[in-house]
Protein chains: 2
Amino acid sequence: MRRGGRPGAADRRAARGAAGGGAAVTAGGAGEPTSARSARAALTRVLEPGDERAGRWLRQLGPDELLRRFTAEDGSAERLPGMTAARLGGYRLRAAAADPGRDLATVAEAGGRFVCPGDREWPSQLDDLGDARPVGLWVRGRPDLRLWSLRSVAVVGARACTPYGAHMAATLGSGLAERGWVVVSGAAFGVDGAAHRGVLAAGGATTAVLACGVDVAYPRGHAELLGRMVEQGLVVAELPPSAHPTRSRFILRNRVIAALTRGTVVVEAALRSGSLATARQAQRLGRFAMGVPGPATSGLSSGVHELLRGEGVLVTDADEVVELVGDMGELTPDRRGPVLPRDHLDASTARVLDALPYHGAARARDLARAAGASTDETLGRLYELHSLGFVEREGDGWRLTPPCPSNDDARRGGT
Amino acid sequence: MRRGGRPGAADRRAARGAAGGGAAVTAGGAGEPTSARSARAALTRVLEPGDERAGRWLRQLGPDELLRRFTAEDGSAERLPGMTAARLGGYRLRAAAADPGRDLATVAEAGGRFVCPGDREWPSQLDDLGDARPVGLWVRGRPDLRLWSLRSVAVVGARACTPYGAHMAATLGSGLAERGWVVVSGAAFGVDGAAHRGVLAAGGATTAVLACGVDVAYPRGHAELLGRMVEQGLVVAELPPSAHPTRSRFILRNRVIAALTRGTVVVEAALRSGSLATARQAQRLGRFAMGVPGPATSGLSSGVHELLRGEGVLVTDADEVVELVGDMGELTPDRRGPVLPRDHLDASTARVLDALPYHGAARARDLARAAGASTDETLGRLYELHSLGFVEREGDGWRLTPPCPSNDDARRGGT
């Protein structure tokens, strides 16, 4: 309907996308092109993030049928529970303009992919969001989103942070990276950017969750940072390519950051700030909410202090963060050894694992040579292997995790 | 035995003190001179603060008999459980030198008194220290120690504090004073001094608990501050006049600060500092331990942050302190109206209460004129009356507490 199309046009486009956009609709080699995948891609353009009512319809009808109803004029959309004429008008306008084939192609050209619930790369902890779960995630960057998210922590905070806030964010970022944790943030100015940069400076793993399309450089001043993250990390968004951020999209983006990670650290935040909302969301989802203290006289610490006077836990360095989040999930630092059977690894990850010496540590560059991959690619695989418990960092290098006392323990928690 | 006396000399001195040192051994007009009071005064010179073994003997034998055994050579001291020859040697030396009559006279000349367990002015919350309870307290200053301690909070912290720490201590001090709370601290440089000064600047009530005699200006640089506190507040010590502080006396003094107050706020403290020990002691005694956050990069906040990562509660202003400690004891801010029958008030306090207008507020100066007392004296009485729930502050003035909804509630908790 974008060009005055008739009922069913979106359906046909969806089918075309599924059939014709082969490379684009294949999710990281794990799934087959499906009309459901294409319909989900289209729905990321139709539904605003976190629309729980539509999430319920999606759960009940599936993506194909929900998308069909938004474009059909058979009265089926009007009968959706909670639907109003005003709402339907909005959905119909957007559904008519949706072109999932084009979106999938755009992102594929940028080296990206679209990851759906049920895909091997889908981070299943997002399912904790219930009907507010993202319809799908647009992803740029080489690493596997699911594996990188297993041992991840969010570091968030004020855009207009103080030099102290920027220092703490960067220090936490690099400290968490050195301890093998993936740092998730929102790529904003201030605390977010400092955290991402701290991780990158330490050669670590970091994921940006955007409130716009993964091909949109927002904020503009972070275009170079986002470029580096696409090369060395992950850039993720619920919104389709070219989508622009809005106030409510920022707020709703935060629930993805909270759900994706084992805990959220707020570095500096005024009262009633979005970062505080992220931390509270994390708590509601059973994750840890943490805060970095600051002077009681600083308005940019007052939100953090409010959090710490509630259920939030005070942290002053990466060790204290890891002490907390490491105890929470199934992958505690005390647990040694892999939690995923070796033959579940994909070929290139297995090659990196095979390259590791039986005794002692090796540097990523040497492992890359042995595995026949680039150093960046190898580092990404090493972080995956670390998340899964196969390898450990040792100084500048990496080594195999020593065998754990009980094999039963090591296998518990496998996929 | 100070001048080569024989067995029984201390006993005789004690009796002399009781009989001859009338003014000195009378505790604020509440008690009668007794040999027990004189013996306790002597024991403050014999026993180091917090000597629990001696506290047990004191509880079992009473002060007269314990002092007698330290000076007698009938073998009765040797039979005390846990006594060794080395310990007894120390006790005997000090007991021989003790001259309670002189000490009581010295403090009386300085306008002070000696307050013993069981006296009307004894703050009975000190009994929570068990056998480590002070033998007695040497007190300088006009106000009633027990009444002032009912609604009191300790504000403690590092001697070598930062300007931020000094600012927070002074702000908390004046804020607590404005809310009708008595601020207790240790008169040390840094946080302690800033807290006391903040209170005095607000015309409030503050108590210093010293680790030396109440007539010793320690630290020397606080001689003027201590002088002002004797005039406007209270200066208290377990140690007899002229006694000098030692490292262990500082540490043991802290237990008195912790026990006297409803909670302890640590403003700045390095790891393993004495202020942290005070807060931990407060927790063990069932009081609140609170901490003022600071930059995670500041070594002088690291001890506070450690406390806040445990059971300590983060506070950033006086309201947050009052919210916490006001909920704890029997005198919550929500509870309105007196908790002590009016006819238990002493005559001068009752006169100040009578001077208050039935409606509206009056200033302390006007109330002083009406009650026929000095403004300082009247302010002290007003703080007492506030502690007991009879009056409230209103702006610069004072007014009667409005009648509470239920008289039963108001009377619950009365002595």
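Below you will find a few notes about this structure.

Rules behind the numbers
- Residues numbered from 1 in each chain as written.
- Chains lettered and ligands numbered in written order.
- Predicted model: local features only at pLDDT ≥ 70, side-chain atom pairs only at ≥ 80, totals over all residues.
- Heavy atoms only, no water.
- Salt bridge = Lys/Arg side-chain N within 4 Å of Asp/Glu carboxyl O.
- Helix = DSSP H or I, 4+ residues; strand = E, 2+ residues; numbered from the N terminus.
- Buried < 20%, exposed > 50% of the residue type's maximum accessible area, 1.4 Å probe, protein only.
- Contact = heavy atoms within 4.5 Å.
- Pairing = 2+ DSSP bridges.
- Axes fitted to C-alpha atoms, helices over the stretch in contact; angles between N-to-C directions.
- Phe/Tyr/Trp six-rings, centres within 6.5 Å; stacked < 30°, edge-to-face > 60°.
- Lys NZ or Arg CZ within 6 Å of the ring centre and 35° of its normal.
- Polar contact = N/O pair within 3.5 Å; in protein donor to acceptor, adjacent residues only side chain to side chain.
- Buried area = accessible area lost by both parts, 1.4 Å probe.
- Nonpolar A, V, L, I, M, F, W, Y, C, P; charged D, E, K, R; others polar.
- Parallel < 35°, antiparallel > 145°, perpendicular 65-115°, else oblique.

1. Looking at the pattern of salt bridges
All names here are of chain B. Within the structure shown, the criterion is met by 50 salt bridges over all chains. With a shortest N-O distance of 3.0 Å, glutamate 65 and arginine 68 are connected by a salt bridge. Taken together, the residues span about one helical turn, with glutamate 65 and arginine 68 both in helix α5 (residues 63-71) at a distance of three residues. Glutamate 65 sits in the partly exposed class, given a relative accessible area of 23%. Note on arginine 68: relative accessible area 24%, which makes it partly exposed. In this structure, glutamate 377 engages arginine 381 in a salt bridge whose closest nitrogen and oxygen atoms are separated by 2.8 Å.

2. With respect to the side chain of asparagine 254 of chain A
Along the polypeptide, asparagine 254 of chain A turns up in helix α12 (residues 247-260). Setting aside chain neighbours within four positions, we find asparagine 254 of chain A in contact with Gly274 and Thr278 of chain A.

3. Here we look at the sheet that holds strand β3 (residues 152-156) of chain B
All names here are of chain B. On the basis of which strands lie adjacent, the open sheet formed by nine strands has the order β1-β2-β6-β5-β4-β3-β7-β8-β9 and mixed pairing. One side of each edge strand has no neighbouring strand; the edge strands of this open sheet are β1 (112-115) and β9 (313-314). Against the sheet, helix α14 (residues 299-309) touches β7 (263-266), β8 (288-291) and β9, its axis set at about 135 degrees to β8. Packed on one face of the sheet, helix α15 (residues 318-325) meets β3, β7, β8 and β9 and runs near 165 degrees to β8.

4. Looking at the packing of aromatic side chains
Centre-to-centre distance and the angle between the planes together describe a pair of aromatic rings. All names here are of chain A. All told, the structure shown has 14 aromatic pairs over all chains when counted by the stated rule. An angle of 80 degrees between the planes, with centres 5.8 Å apart, marks the rings of tryptophan 57 and tyrosine 91 as edge-to-face. Taken together, the residues span a long stretch of sequence, with tryptophan 57 in helix α4 (residues 52-61) and tyrosine 91 in helix α6 (residues 85-97) at a distance of 34 residues. The residues tryptophan 57 and tyrosine 91 share a single accessibility class, namely buried. Three or more aromatic residues joined by ring pairs form one cluster here, namely Trp57, Phe70 and Tyr91. A cation over a ring is seen here: arginine 159 above phenylalanine 250, with NZ or CZ 4.8 Å from the ring centre.

5. Details of the side chain of glutamate 121 of chain B
All names here are of chain B. Within the secondary structure layout, glutamate 121 lies in the loop between β1 and β2 (137-140). A polar atom in the side chain of glutamate 121 sits 2.8 Å from the side chain of arginine 113. Glutamate 121 has contacts with Arg113, Val115, Val139, Pro143, Asp144, Leu145 and Arg146, leaving out every residue within four places of it along the chain.

6. Some points on the interface of chain A and chain B
Opposite the 18 residues of chain A that make contact, chain B presents 18 residues. In terms of surface lost to chain B, no three residues of chain A exceed Ala296, Arg309 and Leu314 of chain A, which account for 44% of the buried area on that side. For the pair chain A and chain B, the number of links is four salt bridges. There are six residue pairs in polar contact (both at pLDDT 80 or more) connecting chain A and chain B. The residue makeup of the side of chain A that touches chain B, split by class, is 10 nonpolar, five polar and three charged.

7. Some details on the packing of helix α4 (residues 52-61) of chain B against α5 of chain B
All names here are of chain B. Interhelical geometry of α4 versus α5 gives an angle of 120 degrees and a closest axis separation of 7 Å. The orientation of α4 relative to α5 falls into the category oblique. Facing Ala54, Trp57, Leu58 and Leu61 of α4, the residues of α5 in contact are Pro63, Glu65, Leu66, Arg69 and Phe70.

8. Observations regarding the pairing of strand β11 (residues 397-400) of chain A
Residues and elements named next belong to chain A. In the sheet, strand β10 (residues 391-394) pairs with β11 via four bridges, with the strands oriented antiparallel. The residue of β11 that forms the bridge with glutamate 392 is arginine 399. Where β10 folds back on β11, the antiparallel hairpin that results is connected by two residues, among which glycine 395 adopts a positive phi of roughly 60 degrees.

9. Overview of the environment of alanine 318 of chain A
Residues and elements named next belong to chain A. Secondary-structure assignment places alanine 318 in helix α15 (residues 318-325). The exposure class assigned to alanine 318 is buried, which follows from its relative accessible area of 6%. The spacing of alanine 318 and glycine 173 is 145 residues in sequence and 7.9 Å in space, taken between C-alpha atoms. Dropping the residues within four chain positions of it, alanine 318 is found in contact with Leu172, Gly175, Leu176 and Arg179.

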